[in-house]
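# Observations on the model geometry
Residue strings, one per chain:
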Amino acid sequence: MKIKICGIKDSETLNCCSENNVDYFGLLFYEKSPRNINLKKASELISKNKKINISPVGVFVNHEINELDGIIKKLNLKIIQLHGNENNKYIVKLKETKNLKVIKSIGIKDSKDLSKIKRYENADYFLFDYKPNENELPGGNSKYFNWSILQNLKIDKPWFISGGINIKNVNVFLKKLNPYGIDISSGVEVKRGIKSNKKIAELIKIYESK
């Protein structure tokens, strides 16, 4: 199972991820989020990452497509995550001239939400997350949905699960599901937007001892 830590903003946290064999680190380009990162800092982290070899993932929410295309090229991103209302045409346009993998987030409240999978046939991965209310951020809310909805899921693309995964519940989660990967943000923070290296290490230790 792959592990992605989302909302990385500093080199100390990135080093911790490397030391604990994290597979992906998420760079969130969304100004309303406390995990937002600017282009300069993201570029610095990606350059540093060349020495430690974790895959960077650019995370975007309803970004203007031409601007997003420019960011992808400037940072030489190979994987991006779309966490808004982007449709399949948007995904097709992004991928048409470049070697790009796309993770499409789908908010889950009940089993009916799984029908949305059919809308994104050009996505390479799916990420199933807690479905936010109107006044909540699109991710990183420390809330989870009913994971049992995914127990009998059969799709032909790899998928991540996110939403409220932390040290206290990761064991319960691992007994119920076997996704391609888990995506963690608020579950390894001391406060919103501030990662804890201790929590990252503890969670990975629990995962590896399963």
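Structure shown above.
If you're wondering where the values come from, they're calculated on a predicted model, not measured in any experiment.

Here we take up the overall build of the protein chain. When helices and strands are counted, the protein chain shows 6 helices and 10 strands. Against the compact-globule benchmark of 17 Å for 210 residues, the protein chain has a radius of gyration of 16 Å, which places it among compact chains. Counting only C-alpha atoms, the protein chain reaches 40 × 40 × 30 Å along its principal axes. Within the span of the protein chain, comprising 210 residues, buried residues form 55% of the whole. Of all intrachain contacts in the protein chain linking residues separated by at least 6 positions in sequence, the fraction that spans at least 24 positions is 54%. For the protein chain, the exposed surface amounts to about 10,900 Å²; the carbon and sulfur share of it is 45%. Mean positive and mean negative side-chain charge positions of the protein chain (38 and 23 charges, respectively) differ by 2 Å.

All right, on to the environment of Ile161 then. Locating Ile161 in the fold gives a position in strand 7 (residues 159–162). Residue classification places Ile161 among the buried positions, given a relative accessible area of 0%. The spatial distance from the C-alpha of Ile161 to the C-alpha of Lys74 is 29 Å, given a sequence separation of 87 residues.

Attention now goes to the environment of Ser105. Inspection of the secondary structure assignment puts Ser105 in strand 5 (residues 101–108). Judged by its relative accessible area of 9%, Ser105 is buried. Distance in space between the C-alpha atoms of Ser105 and Glu86 is 9.5 Å, their sequence separation being 19 residues. Within the structure, the side chain of Ser105 is placed 3.4 Å from the side chain of His83, a separation counted as a polar contact.

Time to look at the nonpolar core. Grouped together as the largest cluster of nonpolar side chains are 57 residues, with contacts concentrated most on Ile5, Ile80, Leu82, Leu94, Phe128, Leu150 and Ile161. Excluding anything up to four places from it in sequence, Leu94 contacts Ile65, Leu68, Ile72, Ile80, Leu82 and Leu100.

Moving on: helix 1 (residues 11–19). Along helix 1, the residues that are buried comprise Thr13, Leu14, Cys16 and Cys17. Projected down its long axis, helix 1 shows its buried positions confined to an angular sector of 155 degrees, all on one face. Check the buried side of helix 1 and you find it contacts strand 1 (2–6), strand 2 (24–29), helix 2 (39–49), strand 10 (194–195) and helix 6 (197–208). Its side-chain oxygen placed 3.2 Å from the backbone nitrogen of Glu12, Asp10 serves as the N-cap of helix 1. With its phi angle positive at about 60 degrees, Asn21 sits one or two positions after the end of helix 1.

Time to look at the side chain of Lys195. Within the secondary structure, Lys195 sits in strand 10. Classification of Lys195 as buried rests on a relative accessible area of 11%. A distance of 2.9 Å separates the side chain of Lys195 from the backbone oxygen of Cys6, its partner in a polar contact. One polar contact links Lys195 to Ser185, side chain to side chain, over a distance of 3.4 Å. Discounting residues that sit within four places of it in the chain, Lys195 has contacts with Ile5, Cys6, Gly7, Thr13, Arg35, Ser185, Val188 and Glu189.

To continue, consider the environment of Ile155. With respect to the helices and strands, Ile155 occurs in the loop between strand 6 (125–130) and strand 7. With relative accessibility at 29%, the residue Ile155 sits in the partly exposed group. Through-space distance from the C-alpha of Ile155 to that of Phe126 is 9.8 Å; in sequence the pair is 29 residues apart. Each residue touching Ile155, except ones within four places of it in the same chain, is listed here: Ile117, Phe126 and Phe128.

What counts as what
- Residues numbered from 1 in each chain as written.
- Predicted model: local features only at pLDDT ≥ 70, side-chain atom pairs only at ≥ 80, totals over all residues.
- Heavy atoms only, no water.
- Helix = DSSP H or I, 4+ residues; strand = E, 2+ residues; numbered from the N terminus.
- Rg over C-alpha atoms; globule rule 2.2 N^0.38 Å.
- Buried < 20%, exposed > 50% of the residue type's maximum accessible area, 1.4 Å probe, protein only.
- Contact = heavy atoms within 4.5 Å.
- Areas by Shrake-Rupley, 256 points an atom, 1.4 Å probe, with all protein chains shown as cover.
- Lys, Arg positive; Asp, Glu negative; His and termini not counted.
- Charge placed at Lys NZ, Arg CZ, Asp CG, Glu CD.
- Polar contact = N/O pair within 3.5 Å; in protein donor to acceptor, adjacent residues only side chain to side chain.
- Core = buried A, V, L, I, M, F, W, Y, C linked by side-chain atoms within 4.5 Å.
- Arc of directions from axis to C-beta.

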